[in-house]
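A closer look at the structure
Take a look at the letters that make up each chain.
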Amino acid sequence: MEDAPESRVLRGCYIILATWYTFMALLSLFGQYIGQSRYRNPPTPKSSKAPTSKAQGVSILRPLKGLDLELYANLRSSFVQNYPKFEIIFSVASPNDPAIDVVKQLISEYPKVDARLIIGDHHVGINPKINNMIESYRTAKYDILWILDSNVHVHVDTLGRSVDQLNLPGIGLVHHLPIAVQSESYSAEIEQIFLDTNHAKMYLAINGVGIASCVMGKSNLYRRSDLERVGGLEKFSKYMAEDNIIGEALWHQGLRHRMSADTACQALGSISLKGYCGRRARWVRLRKYIVTAATLVEPITESIVCGLMGAVGYHALFGISIPVFFAFHWLLWFLNDFFLYKTLISSSSFHTHAAKTPLSLLYFARGWLAREVLALPLYLYAMAGTKISWRDQEYRCVSDGTAVAISVNDASSALLNHHQN
């Protein structure tokens, strides 16, 4: 007897649920594979061996504001790069910024390194990071630029390996996997686990598939000449998520992206639960108008929702018990995340005991469970609002991907910049 139309539709839905779950499981395993194969034994860079006269020069741009945790070590990691030709340009908006003293100390300690400090910003748009470093961008000596956030620490061979990748045919941007270490509070542990598991494996898998741009701007290299062909850095100053927009602009020019076997390592320190929730909400609110499709499907990529989808689909199609399926799913998902986490912690460019020591299985489990349980509520909360906070400024995200400052001091100028093309 032929099945009723309703039965065929229902079976089709179950097939979709099971297929989606299978796809996500395979994508997670792919991210695990890349993580294990790439970061366990990084290659020796070839570009670092070139004589200074033949090496491609690189301008390292490091915008600063305030005293980030481990700031001295973060900035020092630029000075000790194993590469024959580079300059470092630091920039701060305020002459009273306490980061200035750290920069001056490092410049005096490494007199042979070509390094300088620019004080004062140029208001070219809403994005304070671009306002801070636009002068560095304009005055950089070399075509290759390395935009490196102040809260990031990198390995001594990161620049060499990155130039190797940038020199491959058709490559226009090289970026590094953001990871977190040195968590000193429960909420910081949750943040660390998010970055070193869920975010890391999806970031690695999506970039491994390579069908679209997926870039986080903590540590990026590209050529200024390529960026100038899409309008230059100033064009992107109206966006808060300029890293993603720049990546897409280069991608649409036919320039693909590569990741070197390096991490952009951030020491977290102590974070409050409110601070963690605010970071996650900001992340979603910035992305929902820029990569809308990816943001909308985000909940069904998470372990709880995705696992329930798979449990229902496999139960309907193959008769597998829903509780049994979900229990095995969650255990395997947990183990997959734990093994990736341990590998990434061991690859940290920080060589301190605190940075290299992973959380115990018990502490990892409690942080992982909290992250998974909080994921959907935080997503729904973030999707319902538009306000974000960055450093000491609040902004409202706009549907075209730009943002508007909502403080009294900056609102009028921000609105003016928003309406300019």
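Right above here is the structure, for reference.
The structure reproduced in this document is the subject of the present report. (Residues numbered from 1 in each chain as written. Predicted model: local features only at pLDDT ≥ 70, side-chain atom pairs only at ≥ 80, totals over all residues. Heavy atoms only, no water.)

**Quick look at the pairing of strand β1 (residues 58-64)**
With 7 of its 7 residues buried, β1 lies for the most part within the structure. In β1, alternate side chains face the same way, and those of V58, I60, R62 and L64 on one face and S59, L61 and P63 on the other are all buried. As paired strands, β1 and strand β2 (residues 86-92) are joined by 7 bridges and run parallel to one another. Its bridge partner being in β2, R62 is matched across the sheet by F90. Between the parallel elements β1 and β2, the chain passes through helix α2 (residues 71-79) in a crossover that is right-handed. Relative to strand β4 (residues 144-148), β1 runs parallel, the two being bridged by 4 bridges. Bridge assignment links S59 to a residue of β4, and that residue is L145. (Buried < 20%, exposed > 50% of the residue type's maximum accessible area, 1.4 Å probe, protein only. Helix = DSSP H or I, 4+ residues; strand = E, 2+ residues; numbered from the N terminus. Pairing = 2+ DSSP bridges. Right-handed = clockwise from strand over helix to strand, strands pointing away.)

**As for the sheet that holds strand β8 (residues 387-390)**
Taken together, 3 strands build an open sheet; the order of strands is β8-β9-β10 and the sheet is antiparallel. Among the strands making up the open sheet, the edge pair consists of β8 and β10 (403-405). Here the strands of the sheet are splayed against their neighbours by 35 degrees on average, with no regard to which way each runs. Direction of pairing for strand β9 (residues 393-397) relative to β10: antiparallel, over a ladder of 3 bridges. Residue R396 lies in a different strand from β10, and its bridge partner there is V404. Contacts between helix α9 (residues 273-287) and the sheet are confined to β8 and β9, with β8 contributing the most and set at about 120 degrees to the helix. (Axes fitted to C-alpha atoms, helices over the stretch in contact; angles between N-to-C directions. Contact = heavy atoms within 4.5 Å.)

**Structural notes on the side chain of D149**
Within the secondary structure layout, D149 lies in the loop between β4 and α5 (158-166). Those residues in contact with D149 that lie beyond four places of it in its chain are R62, K129, G217 and K218.

**Things to note about the nonpolar core**
Soluble globular proteins tend to pack their nonpolar side chains together in the buried interior. Counting 37 residues, the largest nonpolar core has L177, V181, L344 and F364 as the members making the most contacts within it. Within the residue set of this core, elements represented by two or more residues are α1 (5-39), β5 (171-183), α6 (186-209), β7 (256-269), α11 (303-318), α12 (322-346) and α14 (361-383). Excluding residues that lie within four positions of it along the chain, F364 makes contacts with I193, T197, F334, D337, F338, Y341 and L359. In terms of nonpolar packing, the next biggest core, distinct from the first, is built from 32 residues, F79, L106, V154 and V174 among them. (Core = buried A, V, L, I, M, F, W, Y, C linked by side-chain atoms within 4.5 Å.)

**Quick word on the environment of P111**
For P111, the position within the fold is in the loop between α3 (99-109) and β3 (114-119). On the accessibility criterion, P111 (66% relative accessible area) is exposed. Each C-alpha atom, one on P111 and one on F79, is 10.0 Å from the other, the two residues being 32 residues apart in sequence.

**Section: the environment of N220**
When you line up the elements, N220 lands in strand β6 (residues 219-223). For N220, a relative accessible area of 4% gives the class buried. Sequence separation between N220 and L173 is 47 residues, and the spatial gap between their C-alpha atoms is 6.9 Å. Those residues within four positions of N220 in sequence are excluded, and the remaining contacts are L145, W146, I147, V174, H175, V215 and D243. Of note is the side chain of N220, whose polar atom sits 3.2 Å from the backbone oxygen of M216. (Polar contact = N/O pair within 3.5 Å; in protein donor to acceptor, adjacent residues only side chain to side chain.)

**Some thoughts on the packing of α1 against α12**
Packing of α1 against α12 leaves a shortest axis separation of 9 Å and a crossing angle of 20 degrees. Classified by the angle their axes make, α1 and α12 are roughly parallel. Crossing hand, α1 versus α12: left-handed. Where α1 approaches α12, its residues Y21, S28, L29, Q32, G35, Q36 and Y39 are matched on the opposing element by F325, H329, W333, N336, F339, L340, T343 and L344. Residues belonging to the contact of α1 with α12 are distributed by class as follows: 8 nonpolar, 7 polar and no charged. (Parallel < 35°, antiparallel > 145°, perpendicular 65-115°, else oblique. Left-handed = near helix turned anticlockwise from the far one by under 90°. Nonpolar A, V, L, I, M, F, W, Y, C, P; charged D, E, K, R; others polar.)

So, to be careful, I would describe these as geometric facts and stop short of saying anything about function.
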